[in-house]
Amino acid sequence: MARASSIMLAGLVAIATIGAASPAQALELGSGYDVSYPQCGATLPTDGAFEIVGINGGLVFSENTCLDEQLTWAGGTSAQLYINTGNLGPTSSFWPTGQNSPRVCSAETPDSTGCAFNYGYNAAKDSYQRVQAAYTRLGLTKSPAQTTWWLDVETSNSWRGSLWVESTPALTGTDSTSRNTASVSGAVHYLQSVAKITKLGIYSTPYQWGQITGSSKAFSDLVSWHALGQTDSASALAACTGFSGFTGAPIVMTQYIDADLSLDVNIRCNPAVKVITDLRYTGRTTMRAGSYGYLIANLKTESGATMANRQVTFKFAGRSYVATTNELGTASVKVKMPTTKQKYSLSVSFFSNYYLNSDVAKSTLTIY
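Residues numbered from 1 in each chain as written. Predicted model: local features only at pLDDT ≥ 70, side-chain atom pairs only at ≥ 80, totals over all residues. Heavy atoms only, no water.

A. The environment of Val-265, seen in detail. Relative to the assigned elements, Val-265 resides in strand S8 (residues 263–268). For the pair formed by Val-265 and Thr-254, sequence separation is eleven residues and the distance between their alpha carbons is 8.4 Å. (Helix = DSSP H or I, 4+ residues; strand = E, 2+ residues; numbered from the N terminus.)

Okay, here's the thing in structure tokens:
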């Protein structure tokens, strides 16, 4: 059972019957609600511009028992979705000891970042399969991968670190935050690479993100949904501060608890933001025929955050090469140069995720 928290996605909302908002409580234009298991059995408002439904029952590998009803209320395939994340550690009954894909989690070293990565991966897979099953029960034919998904990263879940006594063995500092970050990375990897979700963001606050991940910028292409707690729409609008998102990407939505409704309200921020501004070839402009060289690209956000763990595609001399950026935002591939001496076109591309614009950089490479 999730612990109480001063800011917790849908978890602070009273389980009560809630009617549609009166004119005096009318939502800001373009605003919507998020709900989950605490609202099971409640009569929910119908005046939202959009709705977000929580898949889990407050923790990873748990069930929102009224998922079907809430998806129906939210318009079926129109509903955005969020899932819980966490990293309980080797004491979890779901710990992937001995699972060696997509990362190695050996029985000899079960408390590793590889194990944490697999734990997050498995939790996201479990959540995605729950939604697939709900879609099937409701007769929804579209794929759930086509809607917007959010990762709920907050301190009310179980993580490694001094704040979470239930997570053992005890870890602090980068020993804990590196494993927590790995768990989030595993969830992102499943949702993007396996489920093929392209609209993905992260829900948290700067404080909670710092406590859990050490303020990691490894997810700087995932936009931020920023929680504010009990306040009002004016404060939520004021928090739409562009590039101050905790991930390094923009804040695209803010959330506040409406005291009159006892319900989470969400306000969309301006999404018209170009994030990728430095995607370029940085290798040599001439190479000897038949020699080996590197194709190199750098990815950064407009705010200067590096784009780690992102896939880029190089096209050179009639072939395509796929590479993943490192923690510095650099991707490179080693290739053999053509034997025909001439100029060849070279391009490198990164394709958008959510509010990030697609970007393609072009150059030429002379073979002599």
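The structure having been displayed, the exposition proceeds.
B. Region of interest: the packing of helix H2 (residues 113–138) against helix H3 (residues 173–194). At a minimum axis distance of 7 Å, the contact between H2 and H3 shows a crossing angle of 45 degrees. Of the possible angle classes, the one that applies to H2 and H3 is oblique. Of the two possible hands of crossing, H2 and H3 adopt the one that is right-handed. Between H2 and H3, the contacting residues are Thr-113, Ala-116, Phe-117, Tyr-119, Gly-120, Tyr-121, Ala-124, Lys-125 and Tyr-128 on the first element and Ser-178, Arg-179, Ala-182, Ser-183, Ser-185, Gly-186, Ala-187, His-189, Tyr-190, Leu-191 and Val-194 on the second. For the contact of H2 with H3, the per-class residue count stands at eleven nonpolar, seven polar and two charged. (Axes fitted to C-alpha atoms, helices over the stretch in contact; angles between N-to-C directions. Parallel < 35°, antiparallel > 145°, perpendicular 65-115°, else oblique. Left-handed = near helix turned anticlockwise from the far one by under 90°. Contact = heavy atoms within 4.5 Å. Nonpolar A, V, L, I, M, F, W, Y, C, P; charged D, E, K, R; others polar.)

C. Fine view of H3. The end-to-end C-alpha distance of H3 is 31 Å, a good match for the 32 Å that 22 residues give at a rise of 1.5 Å each. Directly beyond the C-terminal end of H3, a positive phi value near 65 degrees is found at Lys-196. (Expected span 1.5 Å × (residues − 1).)

D. Structural detail: the sheet that holds strand S4 (residues 149–152). Read around the closed barrel, the eight strands follow the order S1-S2-S3-S4-S5-S6-S7-S8; overall the barrel is mixed. Between one strand axis and the next, the sheet turns by 25 degrees as a mean value, whatever way the strands run. Note that strand S1 (residues 31–35) and strand S2 (residues 51–54) share three bridges and pair parallel. Bridging from a neighbouring strand, Val-35 pairs with Val-53 of S2. (Pairing = 2+ DSSP bridges.)

E. Here's a closer look at unusual backbone geometry. In this structure, Pro-102 follows Ser-101 across a cis peptide bond, with omega equal to 5 degrees. Mapping Pro-102 onto the fold places it in the loop between strand S3 (80–84) and H2. With a phi angle near 60 degrees, Phe-61 is a residue other than glycine that sits in the positive phi range. Within the secondary structure layout, Phe-61 lies in the loop between S2 and helix H1 (67–73).

F. How the structure looks around the packing of aromatic side chains. Scanning the model with the defined rule gives twelve aromatic pairs in all. With centroids separated by 6.4 Å and ring planes inclined at 75 degrees, the aromatic side chains of Tyr-82 and Trp-225 adopt a geometry described as edge-to-face. Here Tyr-82, found in strand S3, pairs with Trp-225, found in strand S6 (residues 223–230); they are 143 residues apart in sequence, far enough to count as distant. The same class applies to Tyr-82 and to Trp-225, which are both buried. Ring centres of Trp-95 and Tyr-119 lie 5.1 Å apart, and the angle between their planes is 35 degrees; on these two criteria the pair is classed as tilted. Placement of the pair is Trp-95 in the loop between S3 and H2 and Tyr-119 in helix H2, with a sequence separation of 24 residues. Judged on exposure class, the residue Trp-95 and its partner Tyr-119 are both buried. Taken together, the ring pairs connect Phe-61, Phe-94, Trp-95 and Tyr-119 into an aromatic cluster. Over the aromatic face of Phe-117 sits the side chain of Arg-103, whose NZ or CZ is 3.9 Å from the ring centroid. Above the ring of Tyr-292, the side-chain terminus of Lys-334 is found at 5.4 Å from the ring centroid. (Phe/Tyr/Trp six-rings, centres within 6.5 Å; stacked < 30°, edge-to-face > 60°. Buried < 20%, exposed > 50% of the residue type's maximum accessible area, 1.4 Å probe, protein only. Lys NZ or Arg CZ within 6 Å of the ring centre and 35° of its normal.)

The quantities given are spatial measurements derived from coordinates; they are silent on function.
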